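Here are the chains, one letter per residue:
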Amino acid sequence: MSSLGERFSGLTKPVTQSLFAIVMGLAIGALLLAVWGYDPLVGFRHLFESAFFTEIGLASTLSYATTLMLVGITFGLGMRAGLFNIGAEGQLMVGALAAVAASTFSLPPGLHLLVGVIFAMLAGALWALPVAILKVKKGVHEVVSTIMLNWIAFYLCLYLVLGPLLKPGTHTSIQIQSSSRFPLLFGTLSAAIFVAILFAIIVYFIMWYTRLGTKIRAVGFDQESAHYMGINPGRAMMIGFIIGGLAAGLAGGALVMGVPPDYAVFTELSNIMGYGFAGIAVALIGRNHPLGMIFSAVFFGGLWSGKRAMQIYAHIPLEIVDIVIGIIVISVAIPELLDIIRRKIKGRSSR
Amino acid sequence: MISLEEIMFVLAVFAFGLSLMAFIDAFRAKIRRKWVLGIILLMSVVVIFYVMQSAGLEVPSLIMISLDAMVPLGLVAIGEVVNERAGTVNIGLEGILLLSSFAAVFGAERSGNWAIGVFVGAVVGVLTGLIHGLISIYAKGDQIISGMGINLFAVGFVAFGIWTTWVPGVHMLSSGLGVPRISTPWGGLSWFIPITIALALVIHFVFYKTTWGVRLRAAGENPGAVDASGVNVFRLRLLACIFGATLAGLAGAFISLDWVGMTTKDLPAGRGFIALACVVFSGLEPISALGAAALFGFCGGLSTWIKATPQLIPIIPPGFDKFIMMIPYIATLVAVTVVIGRRRFPKSVGRPYRREEI
């Protein structure tokens, strides 16, 4: 039993660090609001009340969490493999459009949903493939290649949604047919969340209970040592990118096949934008652990879902949430921040 | 009947392609005859432009747009070359461009003076560079995560700022507040263009002819040795980081005040990252970084120019303007793929310096 106790005691430090980053984000966000003459307490109260204590809000929180945990996996798995994969944004867009394209087939209900999911996942993986090849074969840093591919994906999807996949006379793409929609659980929450959680658990299993996962983590931990131990770092990174692409593609698919009432992509892509980058924060707060990301996705899903209520009732621009997310990420960059502050306080009191 | 000009055009395009490939190859292999290739490159470009001009296309406007597009890439890339030479990486440049482009418009409109706007933009660069430097050099945090955090913060902050200061979305700069330009027969030429070119030369001189330059380059290669020689590595790196971020701040001010005359939350459109590609492309040489910025700036200018040229609009199939918009991003991807792997980076770039590590 002591081993179980040790396992949990090992969790306290990362959890404290994550919570500290969240507190920093909210505190500095509140400070900025106060400087601009808003009441931060009223704002955050509306945000969290609507996100977690109303039925509609909770449904949308979990619905956002579905997408966010998947794009979180894209980034987090990359970090585990020693990669800074910020391509989820583009891979998600391509996945969403692939799901819309797959929805134009006529297939029986259950199968059609499956085909849509597979299309979305493969499209995401396909968009991740050039990044992987350029990284492994040519040594192109993934930050540059993913950002370029994100922009190329953006314009490609813009072309598709305004051209071949436009629903004539509207401002959206063709709607997903009812045969390839995820069934709804309550409110706007669809069964896609189960698929996302299942995906997270599978990734957890692969990463911690298979040789492949051990290899990927070994490469992320120390590429050189892994290489000397007979592990092929290129292959491990390749797989890291591909699984990430599958996750981001699925996230895009879930976003159009599982989010009522539109079940479509808007012509300016506004309803499929921004998730990929928020996924970075989800992964970092979830400590790049698939199961940790499930929880952090619910937190960030809450921020996304509650920001509208905050804007409506407290008249605070909803962009403050992006500021908070940015500060959370900056705080995560300094894992020793808490120690530094503690040391400073101690030093002062002893003097 | 094929005209002489058409033959010239095809030949020039071939010469351009071949000499560009050879030119890049020359950099790889460090061949001495770079200037011969450079002259062929230049001549083929002149012929291509001449034929385009005689076909009735507005070549001067293409050049002017490309020069404007070169400035932000060049400033950011030169700054980041200095920063990376000293041993720190900043991927938050996109965020700094965004923050300073907003702050510059804010400053200019509040004071009614463009110069104060540019100054405010630079100050935002200084502050962001200071924060990133403190995190990555003194607190020994993760530089990549910190940089990405700056990017995320910037998107939120600028959208929030535009909303609370003016109206949500886009704010156009009030007329008369743009940075004055040098008037030429082909339109206004920005003062930032000669400044950027001069800066590349100055940094090159500093790098290779001054003690400061030697120390700076050594700080990225072997910080322990610099420390042992009695120079404060931490302060040197912090100054380099702030310098790089300040140039990014000026570049942001250029975009909003001098070039497009507006502020939105997606104004840089990936230029911060294209500049990072320029840095990779240049192999951390300031003059090569300027060359890369000119090349990528031309690709960016080309896509803007094609969409604005009346003779070309009917040729483009409906909806295909989206593919033209992809040109700079695809060009960046291709260019980086071609040159990378032959570039040598300072040994301890991206790693915080710790005293015990000597």
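Within every chain, residues take consecutive numbers counted from 1 along the sequence as written. Going through the entries in the order they are written, you letter the chains from A and number the ligands from 1. It should be noted that, the model being predicted, local features are given only for residues of pLDDT at least 70 and side-chain atom pairs only at 80 or more, the latter also being counted only at that level, while totals for whole chains, interfaces and linings use all residues.

**Details of the overall build of chain B**
Line of reasoning, step 1. Comment: elements are numbered from the N terminus, with helices defined as DSSP H or I runs of at least four residues and strands as E runs of at least two. Within chain B one finds 14 helices and four strands.
Line of reasoning, step 2. For the radius of gyration, the atom set is restricted to C-alpha positions; the globular benchmark scales as 2.2 Å times the number of residues to the power 0.38. Over its C-alpha atoms chain B spans a radius of gyration of 21 Å, differing by no more than 12% from the 21 Å that the globule rule assigns to 358 residues.
Line of reasoning, step 3. Referenced to the eigenvectors of the C-alpha coordinate spread, the extents of chain B come out at roughly 75 × 55 × 35 Å.
Line of reasoning, step 4. Here a residue counts as buried when 20 or more other C-beta atoms fall within 10 Å of its C-beta, as exposed when 12 or fewer do, and as partly exposed in between; the C-beta atoms come from the backbone. Per-residue burial for chain B yields a buried fraction of 48% across its 358 residues.
Line of reasoning, step 5. Contact between residues is assigned whenever the C-beta positions, reconstructed from backbone atoms, fall within 7 Å. Taking all contacts inside chain B whose residues are at least 6 apart in sequence as the whole, residues at least 24 apart take part in 80%.

**Looking at the overall build of chain A**
Line of reasoning, step 1. Scanning chain A from terminus to terminus reveals 14 helices and two strands.
Line of reasoning, step 2. Computed over C-alpha atoms, the radius of gyration of chain A comes to 21 Å, within 12% of the 20 Å expected from 2.2 N^0.38 for 351 residues, which places it in the range of a compact globule.
Line of reasoning, step 3. Looking at chain A as a whole, 55% of its 351 residues are labelled buried.
Line of reasoning, step 4. Within chain A, counting contacts between residues at least 6 apart in sequence, those at least 24 apart form 77% of the total.

**Observations regarding the environment of Asp68(B)**
Residues and elements named next belong to chain B.
Line of reasoning, step 1. In this structure, Asp 68 sits in helix 3 (residues 59-86).
Line of reasoning, step 2. Exposure remark for Asp 68: the 25 C-beta atoms within 10 Å place this residue in the buried category.
Line of reasoning, step 3. Sequence separation between Asp 68 and Gly 297 is 229 residues; the distance between their C-alpha atoms is 7.7 Å.
Line of reasoning, step 4. Filtering out sequence-adjacent residues up to four positions away, Asp 68 remains in contact with Ser 190 and Trp 259.

**Remarks on the interface of chain B and chain A**
Line of reasoning, step 1. Between chain B and chain A, the residue contacts involve 39 residues of the former and 39 residues of the latter.
Line of reasoning, step 2. Of all the secondary structure elements, the ones that give two or more residues to the side of chain B that touches chain A are helix 6 (143-165), helix 11 (271-282), helix 13 (321-325) and helix 14 (327-339) of chain B.
Line of reasoning, step 3. With 15 residues, helix 6 of chain B is the single largest residue contributor to the side of chain B that touches chain A.
Line of reasoning, step 4. As a working rule, the residues Ala, Val, Leu, Ile, Met, Phe, Trp, Tyr, Cys and Pro are called nonpolar, Asp, Glu, Lys and Arg charged, and the rest polar, with Gly in that last group. For the side of chain B that touches chain A, the class distribution of residues is 26 nonpolar, 10 polar and three charged.

**Considering helix 8 (residues 211-221) of chain B**
Line of reasoning, step 1. The complete set of buried residues in helix 8 of chain B reads Leu216(B), Ala218(B), Ala219(B) and Gly220(B).
Line of reasoning, step 2. Looking at the buried residues of helix 8 of chain B, the elements they touch are helix 3, helix 9 (223-228) and helix 10 (233-259) of chain B.

**Overview of the domain arrangement of chain B**
Line of reasoning, step 1. As annotated, the domain borders come from an automatic or database domain assignment. Splitting chain B by domain gives domain 1 (1-56) and domain 2 (59-357).
Line of reasoning, step 2. Between domain 1 of chain B and domain 2 of chain B, the C-alpha centre-to-centre distance is 29 Å.

**Re the packing of helix 7 (residues 192-209) of chain B against helix 12 (residues 286-308) of chain B**
Residues and elements named next belong to chain B.
Line of reasoning, step 1. Only C-alpha atoms enter the line fits that serve as axes; for helices the fit covers just the stretch in contact. Angles between N-to-C directions range over 0 to 180 degrees. Two numbers describe how helix 7 lies on helix 12: the axes approach to 8 Å, and their chain directions differ by 155°. Judged on the interaxial angle alone, helix 12 and helix 7 are roughly antiparallel. Contacts from Thr 196, Ile 197, Ala 200, Ile 203, His 204 and Phe 207 of helix 7 reach helix 12 at Pro 286, Ile 287, Ala 289 and Leu 290.
Line of reasoning, step 2. Here the residues of the contact of helix 7 with helix 12 sort into eight nonpolar, two polar and no charged. Reported orientations rely on four angle classes, namely roughly parallel under 35 degrees, roughly antiparallel over 145, roughly perpendicular from 65 to 115, and oblique for the rest.

**A word on helix 4 (residues 93-111) of chain B**
Residue and element names in this part refer to chain B.
Line of reasoning, step 1. To estimate how far a helix should extend, the number of its residues minus one is multiplied by 1.5 Å. For helix 4, which comprises 19 residues, the first-to-last C-alpha distance of 26 Å matches the rise-based estimate of 27 Å (1.5 Å per residue) to within 8%.
Line of reasoning, step 2. The buried count for helix 4 comes to 16 of 19 residues, which makes it a mostly enclosed element.
Line of reasoning, step 3. Following helix 4 by one or two positions, Gly 112 adopts a phi angle in the positive range, close to 75°.

**Observations concerning the environment of Val167(B)**
Line of reasoning, step 1. Residue position: Val167(B) is located in the loop between helix 6 and strand 1 (171-172).
Line of reasoning, step 2. On a C-alpha basis, the gap between Val167(B) and Gly297(B) in space is 31 Å, while along the polypeptide they are 130 residues apart.

**Side note on the nonpolar core**
Line of reasoning, step 1. Defined on buried residues, the nonpolar core groups Ala, Val, Leu, Ile, Met, Phe, Trp, Tyr and Cys residues joined through C-beta atoms within 7 Å. Core analysis: the largest hydrophobic core is formed by 225 residues, its most contacted members being Met69(A), Ala96(A), Leu97(A), Val256(A), Val329(A), Ala77(B) and Cys278(B).
Line of reasoning, step 2. Of all the elements, helix 10 of chain B adds the most residues to this core, at 17 residues.
Line of reasoning, step 3. Non-local contacts of Leu97(A), meaning those with residues more than four positions away in its chain, are made with Cys157(A), Leu160(A), Val161(A), Leu165(A) and Val265(A).

**Examining the packing of helix 5 (residues 109-138) of chain A against helix 6 (residues 142-162) of chain A**
Relative placement of two packed helices is described by the angle separating their axes and the distance separating the axes.
Residues and elements named next belong to chain A.
Line of reasoning, step 1. Running from N to C, helix 5 and helix 6 point in directions that differ by 155°, and their axes come no closer than 10 Å. Overall, the two elements helix 5 and helix 6 adopt an arrangement that is roughly antiparallel. In this structure, the crossing between helix 5 and helix 6 has a hand that is right-handed. For the pair formed by helix 5 and helix 6, the contact residues are Trp 127, Pro 130, Val 131, Leu 134 and Lys 135 on the first element and Glu 142, Ser 145, Thr 146, Leu 149 and Ala 153 on the second.
Line of reasoning, step 2. Here the residues of the contact of helix 5 with helix 6 are counted per class, giving six nonpolar, two polar and two charged. Throughout, a crossing is termed right-handed when the near helix is turned clockwise from the far one, and left-handed when it is turned anticlockwise from it by less than a right angle.

**Points about the environment of Ala218(B)**
All names here are of chain B.
Line of reasoning, step 1. Relative to the elements of secondary structure, Ala 218 occurs in helix 8.
Line of reasoning, step 2. On the basis of neighbour counts, which here come to 22 C-beta atoms within 10 Å, the residue Ala 218 falls in the buried class.
Line of reasoning, step 3. Between the C-alpha atoms of Ala 218 and Val 233, which are 15 residues apart in sequence, the distance is 9.5 Å.
Line of reasoning, step 4. Aside from chain neighbours lying at most four places away, what touches Ala 218 is Ala 225 and Val 226.

**Comments concerning unusual backbone geometry**
Residue and element names in this part refer to chain A.
Line of reasoning, step 1. The peptide bond linking Pro 260 to Pro 261 adopts the cis configuration, its omega dihedral lying at 0°.
Line of reasoning, step 2. Residue placement: Pro 261 occurs in the loop between helix 10 (233-257) and helix 11 (275-285).
Line of reasoning, step 3. Even without a glycine there, the phi angle at Tyr 263 is positive, about 50°.
Line of reasoning, step 4. Relative to the assigned elements, Tyr 263 resides in the loop between helix 10 and helix 11.
Line of reasoning, step 5. Accessibility expressed as a C-beta count within 10 Å gives 24 for Tyr 263, which makes it buried.
Line of reasoning, step 6. Positive phi is not limited to glycine here, since Arg 287 has a value of about 55°.
Line of reasoning, step 7. The residue Arg 287 is located in the loop between helix 11 and helix 12 (290-314) in this model.
Line of reasoning, step 8. Given 19 C-beta atoms within 10 Å, Arg 287 falls into the partly exposed group.

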